[in-house]
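Below are the chains, spelled out letter by letter.
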Amino acid sequence: MSTRFSKRHRVSDRPLSDLQETLPKTPVPKTPLPQTPLPKTLAEAAIRCLLTADAVEKARVTREMAAAWRSGAIAEIGDMPVPDRPGRPDRPRLLPPGQVPKRKITRGVQGRTALLHALAHIELNAVDLAWDLAVRFPDAGMPRDFHSDWVQVADDEARHFLMLEGRLNALGARYGDLDAHDGLWESAMGTAGDLLARLAIVPMVLEARGLDVTPQMIGKLEAAEDLESAKVLSIIYRDEIAHVAAGRRWFGYEADRRGLDHASTWRNLVKTHFKGQLKPPFNDEARLEAGLTRDFYGFAEEL
Ligand SMILES: [Fe+2]
Ligand SMILES: [Fe+2]
């Protein structure tokens, strides 16, 4: 007992400055260090988000990486092979499109939960699709603004997912409780080899479809007196117009570089790469706001 005390005593007797001189000089961080160091490139950041399986964590990491890109903490674009499939949680179970049951939106919780769950699943896919588009085509030599736009889209989609997850939680549910479909990622991967085709399909077909159907959903939620969910969908709706507009803008940029006409090239790419049908009625007003004019899609009304 006395030996232990005397050892301790000797150490504590030495002046603190003596002890400090024997320690390596390391700066004391002002804020706690992040658990994982920041990626060095945008490609690495995107892949980290893509491979994160947990949905809420994927959204959280996406928001963190997007902020790091905006602040310049991640500055290089980089070039790394992008995975063909993103990380996904064990639940929801993924069914072929069309096999996921649809429910009516009523004041009852079931229908609204099903709608919010389906939308959360779309947003989660949209996070991955935006990251994929931001870094899959480094050889295309797109301007920095192109990458920044898709990082911003990934950030928006992550925010959308978290808002919808918040609404699900308020209704006593969470993402993963119901089945979902795997159609979105599949239809996007068909264009992994061509930037112009990817822009034609993901923002200008899939996201534009969201503009057609969302106002009706907002109306149904308002009728069911779920004003909180209606508000979330209204925010998403405004953001999605900007996403379609970004797709339209970069589609035009790339088509010009290749010396191609915008509308006829888009129609040909849709015929080749989009397995489904363009479904009227179209939201002409929102599409126009995004720069997507009827000379692109109007033909689908005559089919
Ligand atoms: Fe979204
Ligand atoms: Fe979007």
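Residues numbered from 1 in each chain as written. Chains lettered and ligands numbered in written order. Predicted model: local features only at pLDDT ≥ 70, side-chain atom pairs only at ≥ 80, totals over all residues.

**Some remarks on the overall build of the protein chain**
Item 1. A count of helical and extended segments in the protein chain gives 12 helices and two strands.
Item 2. Of the regular secondary structure in the protein chain, the N- to C-terminal order runs α-α-α-α-β-α-α-β-α-α-α-α-α-α.
Item 3. Burial analysis of the protein chain (303 residues in total) assigns 38% to the buried set. (Helix = DSSP H or I, 4+ residues; strand = E, 2+ residues; numbered from the N terminus. Buried ≥ 20, exposed ≤ 12 C-beta atoms within 10 Å, placed from the backbone.)

**Here's the deal with the packing of helix H9 (residues 227-257) against helix H10 (residues 262-273)**
Item 1. Two numbers describe how H9 lies on H10: the axes approach to 10 Å, and their chain directions differ by 100 degrees. Taken as axis vectors, H9 and H10 run roughly perpendicular relative to one another. Facing Phe251, Gly252 and Ala255 of H9, the residues of H10 in contact are His262, Thr265 and Trp266.
Item 2. Here the contact of H9 with H10 is built from residues that sort into three nonpolar, three polar and no charged. (Axes fitted to C-alpha atoms, helices over the stretch in contact; angles between N-to-C directions. Parallel < 35°, antiparallel > 145°, perpendicular 65-115°, else oblique. Contact = placed C-beta atoms within 7 Å. Nonpolar A, V, L, I, M, F, W, Y, C, P; charged D, E, K, R; others polar.)

**Observations regarding helix H6 (residues 144-170)**
Item 1. With 27 residues, H6 extends 39 Å from end C-alpha to end C-alpha; this agrees with the ideal 39 Å at 1.5 Å per step.
Item 2. Just past H6, the residue Gly172 takes up positive phi, approximately 85 degrees. (Expected span 1.5 Å × (residues − 1).)

**Some points on the confidence of the model for the protein chain**
Item 1. Taken over all residues, the pLDDT of the protein chain has a mean of 89, while the share at 70 or more is 88%.
Item 2. Segment residues 1-29 is flagged for pLDDT under 50; beyond a separation of four residues in sequence, or across chains, it makes one contact in the model. (pLDDT = per-residue confidence, 0-100.)

**Things to note about the nonpolar core**
Nonpolar side chains in soluble globular proteins generally cluster together in the buried interior.
Item 1. One finds Ala46, Ala130, Ala134, Ala154 and Ala200 to be the most contacted residues of the largest nonpolar core, which totals 74 residues.
Item 2. If one sorts the elements of this core by residue count, helix H5 (residues 109-135) sits on top with 15 residues.
Item 3. With residues near it in sequence (within four places) discarded, Ala200 still touches Val205, Phe251, Trp266, Leu269, Val270 and His273. (Core = buried A, V, L, I, M, F, W, Y, C linked by C-beta atoms within 7 Å.)

**Quick notes on the environment of Ala242**
Item 1. Mapped onto the secondary structure, Ala242 falls in helix H9.
Item 2. Sequence spacing of Ala242 and Pro203 is 39 residues, and the spatial spacing of their C-alpha atoms is 9.9 Å.

**Description of the packing of helix H4 (residues 55-71) against H6**
Item 1. Between H4 and H6, the shortest axis-to-axis distance is 9 Å and the interhelical angle comes to 145 degrees. In the packing of H4 onto H6, the handedness of the crossing is left-handed. Note on element contacts: H6 touches H4 through Val151, Gln152, Ala154, Asp155, Ala158, Arg159, Phe161, Leu162 and Glu165, opposite Ala55, Val56, Ala59, Thr62, Arg63, Ala66 and Trp69.
Item 2. Of the residues that constitute the contact of H4 with H6, the class distribution is 10 nonpolar, two polar and four charged. (Left-handed = near helix turned anticlockwise from the far one by under 90°.)

**Topic: H10**
Note that an α-helix has 3.6 residues per turn; residues three or four places apart therefore point the same way.
Item 1. Its 12 residues place the ends of H10 16 Å apart at the C-alpha level, agreeing with the 16 Å of an ideal helix rising 1.5 Å per residue.
Item 2. Inspection of H10 places Trp266, Leu269 and Val270 among the buried residues, and these make up the whole buried set. The buried residues of H10 occupy one face: seen down the axis, they fall within an arc of 100 degrees. Opposite the buried face of H10, at more than 90 degrees from it, the exposed residues are Ser264 and Lys271. (Arc of directions from axis to C-beta.)

**Observations regarding the environment of Trp131**
Item 1. Structurally, Trp131 can be placed in helix H5.
Item 2. Residue classification places Trp131 among the buried positions, given that 30 C-beta atoms sit within 10 Å.
Item 3. Sequence separation of Trp131 and Trp150 is 19 residues, and the distance between their C-alpha atoms is 6.8 Å.
Item 4. The residues contacting Trp131, other than those within four sequence positions of it, are Ala46, Cys49, Leu50 and Ala154.

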